[in-house]
Amino acid sequence: MQNLIRGMLLEMGENPDREGLLKTPHRVKEMYQFLTAGYREDPKALINEAIYEQKYDEMILVKDIQIFSLCEHHLLPFFGRAHVAYLPGGKIIGLSKVARLVDMFARRLQIQERMTVEIAQIIEENLHPKGVAVVIEAQHLCMQMRGVEKQGSTVVTSEMLGRFRSDPRTREEFMGLIRKV
Ligand SMILES: [Zn+2]
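My aim in this report is to walk through the structure given alongside it, one point at a time. What you see is a predicted model, and the numbers here were worked out from it, not measured in a lab.

Here we look at the environment of Q66
Consideration 1: Along the chain, Q66 turns up in strand β2 (residues 60–71).
Consideration 2: The sequence separation of Q66 and E14 amounts to 52 residues, and the corresponding C-alpha distance is 35 Å.
Consideration 3: Residues contacting Q66, with those up to four places away along its chain left out, are G80 and D103.

Below you can see the structure in the form of structure tokens.
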């Protein structure tokens, strides 16, 4: 990867041998390894080691999970907040694991829509809850730095499964909770 980044600097019209750029290929390689670490992690394994049986019937919501991801179209960051809720069906998962799960999907080349669905699906498939809801609100640098240059606009995506889809009151409760400051 370092050779490719060196080549990219040349294509940009830069001199990769000048002092400020000498270590750039190494630094950029390390950065991309960190930002794409999600490919080398298994969300199914994480979720399964953190599941436990618990009688708890109310909604569990982890909101304002900070996310940083890279859009797969431009390799530019998109970032914002994710809100994840589920209605347990006998099994629950450690709260900190929900945030780690979100990170695993964020640290890949992504589109926000797919990431939203992937987070909901992994919870659905492994916890078999009565419902799952995921909302992501994010700003995309590829929209802000180039192209339409709409600064400050936020993209909101959501995936609702089970009761969050079929029962408007459950959905309303969730939407009310994530809007509360
Ligand atoms: Zn993009």
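Let's talk about the coordination of the zinc ion
Consideration 1: Distances from the zinc ion to its protein donors, C71 (SG), H74 (ND1) and C142 (SG), fall at 2.1 to 2.3 Å.
Consideration 2: Sequence positions of the residues that donate to the zinc ion give the spacing C-x2-H-x67-C.
Consideration 3: Overall, the relative accessible area of 34% leaves H74 in the partly exposed class.

Side note on the side chain of T36
Consideration 1: Mapping T36 onto the fold places it in the loop between α2 (24–35) and α3 (43–49).
Consideration 2: Take T36: its relative accessible area is 14%, and that puts it in the buried class.
Consideration 3: In this structure the side chain of T36 is engaged in a polar contact, spanning 2.6 Å, whose partner is the backbone oxygen of Y32.
Consideration 4: Apart from residues no more than four positions distant in its own chain, T36 is found in contact with R107, R108 and L109.

So, how was this worked out
Residues numbered from 1 in each chain as written. Predicted model: local features only at pLDDT ≥ 70, side-chain atom pairs only at ≥ 80, totals over all residues. Heavy atoms only, no water. Helix = DSSP H or I, 4+ residues; strand = E, 2+ residues; numbered from the N terminus. Contact = heavy atoms within 4.5 Å. Donors = N, O, S within 2.8 Å, 3.2 Å for Na, K, Ca; no water. Buried < 20%, exposed > 50% of the residue type's maximum accessible area, 1.4 Å probe, protein only. Polar contact = N/O pair within 3.5 Å; in protein donor to acceptor, adjacent residues only side chain to side chain.

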